[in-house]
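Residue-level structural notes
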Amino acid sequence: EKGNYRHFMQKEIFEQPTVVAQTLNSYVRQADESVALPQIDFDLTAIKRITIVACGTSFYAGMVAKYWFETFARVPVDIDVASEFRYREPVLEDGGLAIFISQSGETADTLAALRHCKENGQTIAAVVNVPTSTMAREADLLLPTHAGPEIGVASTKAFTCQLAVLAAVAAHMAVKKGKMSREEEQEVVRHLLEAPACLNAALDHDDDIAAMAPLIAPARDVLYLGRGQDYPLAMEGALKLKEISYIHAEGYASGEMKHGPIALIDEAVPVIVLAPSGPLFEKTVSNMQEVSARGGKIVLISDAEGLAEAGDGCLATIEMPKVHPLIAPLVYAVPVQLLAYHVAVVKGTDVDQPRNLAKSVTVE
Ligand code: F6R
């Protein structure tokens, strides 16, 4: 039931504070501020390499997780989309952990990759939202997201729940491997537990985003830029926009823009920049200057500090709460989801059932 919402997608975007809290409940213990996995019967300390495989939005969650596994646990991560992974003869050494991320748990390419990894001696973990799914059954380690049924074809709440699970798993592995102190673990838990309130603060900007959607709706192409862990979010933003509003969009690493896509920039191509303030912000500001100098129109998504520094002269700005970098990918998912949603509403497309798409892709 949609309740007071116009579309399932909109309802699911607004459910995120609740379902992320629900999901975190099974991965963090508030009492002693520790991370704990719901089920674990093998030695995480022995893992030398991680392979992450997924499709679409779930793949972007995996890209964010790569940053976390590498920075926290110092374990090298190889990541690929399932349809490529299967056909490239990946090198899978003994003792590897393969993580499959899937809302449905049924995506054909991801499932085939899971079976391939199983046959090749990998321990199989599955981050899935449907606990009765094939991937959930075939995994050695089931890591459920508790997003509840996702009806809108465009994935929203499953994505932020996947991020919550993966952050906890990365921290847990870091603790087990002795790469994260008890104090650092407690700090990670505290920041994760701040996520639901920060998601709510991001959702408070729904009206601002709805008001600026008509500026984006006429565009034929839109570019999304992000750096570091916000780079996958730029790609996720572009995917959301193209799938429900049918506007061509690309997500790019901010620093890569000058290696090609800058040739596209003119006043007709809005550039959405995802850039929380922090050590990478200055670099992104220079990328923004490269865009403005060519007449490009920027929508800056940042916190108050970032907007104060670089918001002047933008076509529009979207203010996010100031959050710890760990939870920034969860929080910045909200404005890109809402922007895609409101642009689609302005264009009058079928938000919950976009053309040519199916909720569960069971063909290869
Ligand atoms: C995008 C979207 C798709 C799915 C992809 C994988 O909004 O929904 O890109 O993320 O088809 O699906 P799952 O996660 O079910 O394996």
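Description of the structure in this document.

Parameters at a glance
- Residues numbered from 1 in each chain as written.
- Predicted model: local features only at pLDDT ≥ 70, side-chain atom pairs only at ≥ 80, totals over all residues.
- Heavy atoms only, no water.
- Helix = DSSP H or I, 4+ residues; strand = E, 2+ residues; numbered from the N terminus.
- Expected span 1.5 Å × (residues − 1).
- Buried < 20%, exposed > 50% of the residue type's maximum accessible area, 1.4 Å probe, protein only.
- Arc of directions from axis to C-beta.
- Contact = heavy atoms within 4.5 Å.
- Near = heavy atom within 4 Å.
- Polar contact = N/O pair within 3.5 Å; in protein donor to acceptor, adjacent residues only side chain to side chain.
- Areas by Shrake-Rupley, 256 points an atom, 1.4 Å probe, with all protein chains shown as cover.
- 1 Å grid on protein atoms, 1.4 Å probe; cavity = no way out; pocket = protein on both sides within 12 Å on 5 of 7 lines; lining within 4 Å.
- Sits in = over half its atoms within 2 Å of the grid points.
- Points joined across faces, edges and corners; volume = space filled by probe spheres on them.
- Nonpolar A, V, L, I, M, F, W, Y, C, P; charged D, E, K, R; others polar.

So, on to helix α11 (residues 281-292). The end-to-end C-alpha distance of α11 is 16 Å, a good match for the 16 Å that twelve residues give at a rise of 1.5 Å each. Those residues of α11 lying buried are Phe281, Thr284, Val285, Asn287, Met288 and Val291. Seen end-on, α11 carries its buried residues on one side only, within an arc spanning 160 degrees. Residues of α11 that are exposed and angled more than 90 degrees away from the buried face: Lys283 and Gln289. On the buried face of α11, the contacting elements are β10 (270-274), β11 (297-303) and α12 (304-310).

Next up on the list: the site of the ligand. Neighbouring residues of the ligand: 14 residues in total, closest Ser58, Ser102, Gln103, Thr107 and Glu243. Within the backbone of Thr57, an N or O atom sits 3.1 Å from an oxygen atom of the ligand. Ser102 places a side-chain nitrogen or oxygen 2.6 Å from an oxygen atom of the ligand. Coverage of the ligand by the protein chains reaches 90% of its 410 Å² of free accessible surface. Taking a 2 Å distance to the grid points as the criterion, the majority of the atoms of the ligand fall inside the largest pocket. At the level of secondary structure, the elements contributing two or more residues to the shell around the ligand comprise α3 (56-73) and α10 (231-245).

Let's shift gears to the layout of surface pockets. The calculated volume of the largest pocket comes to roughly 580 Å³. Together, 27 residues line the largest pocket, and Cys55, Gly56, Thr57, Ala358 and Val361 are the ones closest to its centre. At the level of elements, α3, β5 (97-102), α5 (108-119) and α10 are the ones that each hand at least two residues to the lining of the largest pocket. Among the elements that make up the lining of the largest pocket, the one with the highest residue count is α10 (four residues). Across the lining of the largest pocket, the residue classes tally to eleven nonpolar, ten polar and six charged. Estimates place the volume of the second largest pocket at around 450 Å³. In terms of lining residues, the second largest pocket is bounded by 24 residues, among which Gln229, Asp230, Pro279, Leu280 and Pro325 are the most central. For the lining of the second largest pocket, the secondary-structure elements that each account for two or more residues are α3 and α11.

Interpretation in functional terms is not warranted from these geometric data alone.
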